[in-house]
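Chain by chain, the residues run as shown.
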Amino acid sequence: MAKITASVYTSHVPAIGAAIDLGKSTEPYWQPVFKGYEYSKQWMKDNKPDVIILVFNDHATAFSLDMIPTFAIGTAASYQPADEGWGPRPVPVVQGHPELAAHIAQSVIQQDFDLTIVNKMDVDHGLTVPLSLMCGQPDAWPCPVIPFAVNVVQYPVPSGQRCFNLGKAIRRAVESFDQNLNVQIWGTGGMSHQLQGPRAGLINKEFDNAFLDQLIADPAAAAAIPHIDFVREAGSEGIELVMWLIARGAMDDVAGGKAPKLLHRFYHVPASNTAVGHLILENQ
């Protein structure tokens, strides 16, 4: 059967992609950010999966306010980098895994989660920046990727508990697939940041690190955080952290006596106007 072996959690700041694409990663401002991913890039080379399920949010490229799916899974064979207003990022085309994606859709819908099935879409920085951070600048991404988009842009957005439970459903789906695949699941977005209004530029280090602590050791508590706490403490865009709970829900359950192993933890402020958080957890 297929098996989820590890999860990766990372911010997907668009300015990070620009720094990579423009060759600025060694500049003093950006150097500390990319240093935090040196371990991760080597780990990725040493632990290349067969497939990545990458949980991200679209930034009005594939979806608009005309149609807003709460959860959407990409079932296409490939995905072009999106033009977000300044041209597509110079990164490889993302190759999909239609067979596993279709199986996950079937299984998760039968577990009473409604998914939008997307047979064609471009993918923006929410998906390509995490790949760049973990894989560098290859000619091709190291493995197929299943895009899993979550609406955290337009309210109402899904609760942390709903996302955590969805992660468990995705794990059951993966484990019922009839091919032997090494699967990783990545949760992206966040951490604390606000892009507009009187609190623009808000960063809350205490909240971010408490969330990382809970994600590692007490994910049920992290899943119980209400929306208003994310908005109040982590800014209007801090709600993106619910996407990390999908990835965490797909991992071993602390409550069941199996805690995943923490391989790497990194936190840095700032990158653009955002706090950058990053974890790698491995099922034992």
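Residues numbered from 1 in each chain as written. Predicted model: local features only at pLDDT ≥ 70, side-chain atom pairs only at ≥ 80, totals over all residues. Heavy atoms only, no water.

## What to know about the overall build of the chain
For step 1, the next point in the chain: For the chain, the helix and strand inventory stands at 10 helices and 10 strands.
For step 2, the next point in the chain: The globule rule puts the C-alpha radius of gyration for 284 residues at 19 Å, and the 17 Å found for the chain is close to it.
For step 3, the next point in the chain: The proportion of buried residues among the 284 residues of the chain is 55%.
For step 4, the next point in the chain: Pairs at least 24 residues apart make up 81% of the contacts formed inside the chain by residues separated by at least 6 positions.
For step 5, the next point in the chain: In the form shown here, the chain has an accessible surface area of approximately 11,700 Å², with 52% of it arising from carbon and sulfur atoms.
For step 6, the next point in the chain: Averaged over its 19 positive side-chain charges, the chain has a centre that lies 6 Å from the centre of its 28 negative ones. (Helix = DSSP H or I, 4+ residues; strand = E, 2+ residues; numbered from the N terminus. Rg over C-alpha atoms; globule rule 2.2 N^0.38 Å. Buried < 20%, exposed > 50% of the residue type's maximum accessible area, 1.4 Å probe, protein only. Contact = heavy atoms within 4.5 Å. Areas by Shrake-Rupley, 256 points an atom, 1.4 Å probe, with all protein chains shown as cover. Lys, Arg positive; Asp, Glu negative; His and termini not counted. Charge placed at Lys NZ, Arg CZ, Asp CG, Glu CD.)

## Concerning the environment of N209
For step 1, the next point in the chain: Residue placement: N209 occurs in helix α7 (residues 205-217).
For step 2, the next point in the chain: Distance in space between the C-alpha atoms of N209 and Q106 is 36 Å, their sequence separation being 103 residues.
For step 3, the next point in the chain: Discounting chain neighbours no more than four positions away, the residues touching N209 are R265 and Y267.

## Things to note about the sheet that holds strand β3 (residues 71-74)
Remark on secondary structure: sheet strands pair via backbone hydrogen bonds, oriented parallel or antiparallel.
For step 1, the next point in the chain: Spatial strand order, β6-β3-β7-β2-β8-β1-β10-β9: eight strands in an open sheet with mixed pairing. Pairing within the sheet leaves two strands with one partner each, and these edge strands are β6 (116-118) and β9 (261-271). For this sheet, the mean inter-axis angle between neighbouring strands, taken without regard to orientation, is 20 degrees.
For step 2, the next point in the chain: Taken strand by strand, helix α10 (residues 242-249) contacts β1 (3-10), β2 (51-56), β3, β7 (145-150), β8 (182-188) and β10 (274-282), and its axis lies near 160 degrees from that of β8. (Pairing = 2+ DSSP bridges. Axes fitted to C-alpha atoms, helices over the stretch in contact; angles between N-to-C directions.)

## Points about the packing of helix α3 (residues 38-46) against helix α5 (residues 125-135)
For step 1, the next point in the chain: As a packed pair, α3 and α5 sit with axes 7 Å apart at the nearest point and diverge in direction by 85 degrees. By the angle between their axes, α3 is roughly perpendicular relative to α5. Only L133, M134 and C135 of α5 make contact with α3, whose side of the interface consists of S40, K41, W43 and M44.
For step 2, the next point in the chain: In terms of residue class, the contact of α3 with α5 is made up of five nonpolar, one polar and one charged. (Parallel < 35°, antiparallel > 145°, perpendicular 65-115°, else oblique. Nonpolar A, V, L, I, M, F, W, Y, C, P; charged D, E, K, R; others polar.)

## Examining the nonpolar core
Across soluble globular proteins, you tend to see nonpolar side chains buried next to one another.
For step 1, the next point in the chain: In this structure, F148 and F211 are the most contacted members of the largest nonpolar core, which totals 56 residues.
For step 2, the next point in the chain: By residue number, the principal contributor to this core is helix α6 (residues 160-175), which donates seven residues.
For step 3, the next point in the chain: When residues no more than four places from it in sequence are discounted, the contact partners of F211 are M191, A222, I225, F230, L241, W244 and L245.
For step 4, the next point in the chain: Core analysis: the second largest hydrophobic core is formed by 39 residues, V33, F34, L54 and A76 among them. (Core = buried A, V, L, I, M, F, W, Y, C linked by side-chain atoms within 4.5 Å.)

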